[in-house]
Amino acid sequence: MKLFKTCMAAAIACSLFYSTPTNTQQETMMDAQIPCVQTTQSILDSTFIAPDTLHNLIAPECKNTLILCTDGSGLLYDSIFIIAHNKKENTIKVVSLPRDLYVPYGEEIQNHLEALHLSQEKGIYKLNIAGYIGKKMNYPPTVFEDGDISFMADVLKEMTGVIVSEYAILNFQTFEKLVDTVGGITLHIPCDIRNSKGELILQQGLRQLS
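Residues numbered from 1 in each chain as written. Predicted model: local features only at pLDDT ≥ 70, side-chain atom pairs only at ≥ 80, totals over all residues. Heavy atoms only, no water.

Let's shift gears to the nonpolar core. By size, the foremost hydrophobic cluster in this structure holds 39 residues, and its most contacted members are Leu66, Tyr105 and Phe151. Those elements giving two or more residues to this core turn out to be strand S1 (63-70), strand S2 (77-86), strand S3 (91-97), helix H4 (107-115), helix H5 (130-136), helix H6 (147-160) and strand S4 (166-170). Per-element accounting of this core gives the leading share, 7 residues, to H6. What Leu66 contacts, discounting residues up to four positions off in sequence, is Ile80, Phe81, Ile82, Met152, Leu156, Val164, Glu166, Tyr167 and Ala168. Ile67, Cys69, Ile83 and Ala168 belong to the second-largest nonpolar core, a separate cluster that totals 6 residues. (Core = buried A, V, L, I, M, F, W, Y, C linked by side-chain atoms within 4.5 Å. Buried < 20%, exposed > 50% of the residue type's maximum accessible area, 1.4 Å probe, protein only. Helix = DSSP H or I, 4+ residues; strand = E, 2+ residues; numbered from the N terminus. Contact = heavy atoms within 4.5 Å.)

Here we take up the environment of Gln208. When you line up the elements, Gln208 lands in strand S8 (residues 205-209). As a C-alpha pair, Gln208 and His188 span 20 residues in sequence and 9.0 Å in three-dimensional space. When sequence neighbours within four positions are dropped, the list of residues in contact with Gln208 reads Gly183, Gly184, Ile185 and Thr186. Polar side-chain contacts of Gln208 include one of 3.0 Å to the backbone oxygen of Gly183. Here the side chain of Gln208 touches Thr186 through a polar contact of 2.4 Å, side chain to side chain. (Polar contact = N/O pair within 3.5 Å; in protein donor to acceptor, adjacent residues only side chain to side chain.)

Within S4, 4 of the 5 residues are buried, which leaves the element mostly enclosed by the surrounding structure. Note that S1 and S4 share 5 bridges and pair parallel. When the sheet's bridge partners are listed, Thr65 is paired in S4 with Glu166. (Pairing = 2+ DSSP bridges.)

Attention shifts here to the packing of aromatic side chains. Applying the stated criterion across every chain, the model contains 5 aromatic pairs. Geometrically, the ring pair formed by Tyr102 and Tyr125 is tilted, given 6.1 Å between the ring centres and 45 degrees between the ring planes. Note that Tyr102 is positioned in the loop between S3 and H4 and Tyr125 in the loop between H4 and H5, a separation of 23 residues in sequence. Consider the rings of Tyr105 and Phe151, whose centres lie 6.0 Å apart with planes at 25 degrees: the pair is stacked. Here Tyr105 is found in the loop between S3 and H4, whereas its partner Phe151 is found in helix H6, with 46 residues between them in sequence. The exposure class of Tyr105 is buried, given its relative accessible area of 3%. Of the aromatic side chains, those joined through ring pairs into one cluster are Tyr102, Tyr105, Tyr125, Tyr139 and Phe151. (Phe/Tyr/Trp six-rings, centres within 6.5 Å; stacked < 30°, edge-to-face > 60°.)

Next up on the list: the environment of Thr91. Tracing the backbone shows Thr91 in strand S3. Overall, the relative accessible area of 31% leaves Thr91 in the partly exposed class. The spatial distance from the C-alpha of Thr91 to the C-alpha of Cys62 is 9.3 Å, given a sequence separation of 29 residues. Ignoring anything within four residues of it in the chain, the contact list for Thr91 reads Ala84, His85 and Asn86.

Before going further, it helps to spend a moment on the sheet that holds S1. Hydrogen bonds between backbone groups are what pair the strands of a sheet, and the pairing can be parallel or antiparallel. Taken together, the 4 strands give an open sheet; going across it, the order is S3-S2-S1-S4, and neighbouring strands pair in mixed fashion. Two strands in the sheet have a free side with no partner beyond their single neighbour: S3 and S4. Adjacent strand axes in the sheet meet at a mean angle of 20 degrees when their direction is disregarded. Packed onto the sheet, H6 meets S1, S2, S3 and S4 and runs at close to 120 degrees relative to S1. (Axes fitted to C-alpha atoms, helices over the stretch in contact; angles between N-to-C directions.)

Okay, here's the thing in structure tokens:
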């Protein structure tokens, strides 16, 4: 049942919310004077060696969809998934990537970060902010129409070797719709949960949540 609901959520995300614009995509560029980045080198440091981890999990023939879940600001993607559909084997795999995964940018990207005064910003080398970096650099639409998502896809390609052909962006409102669409979820609540005022929110035991 858990696998069924996961697959349903993935299918809904890709079919209903495919390429949904976020606040990040609608944000006005603060550094409009920065020219469109035309990378002549790889995005990552030349010494970086991509691990075989995802190669062992995702077959080359899979169709891969990137799922990005944005925070309230629309600037960070704090949940990052790759949904791999193997049509030949009729299977779906969902791989979650750590949002704090370190991205070893190469010299060219490092120079752009310095030009944008971003190189010393806290968390700038985490994976969850890669889309924001791509937008600030005015990264070209290499994979998708949006440069910020293209940058994220190109970063993942170099870091993992996995190529994504589709993407979906989800926010908290979309997450609520997904849960309700699959009929809610059953959770075991280990103890009573109360808010800051001491009011009971969820009682201990099995609970069906929308």
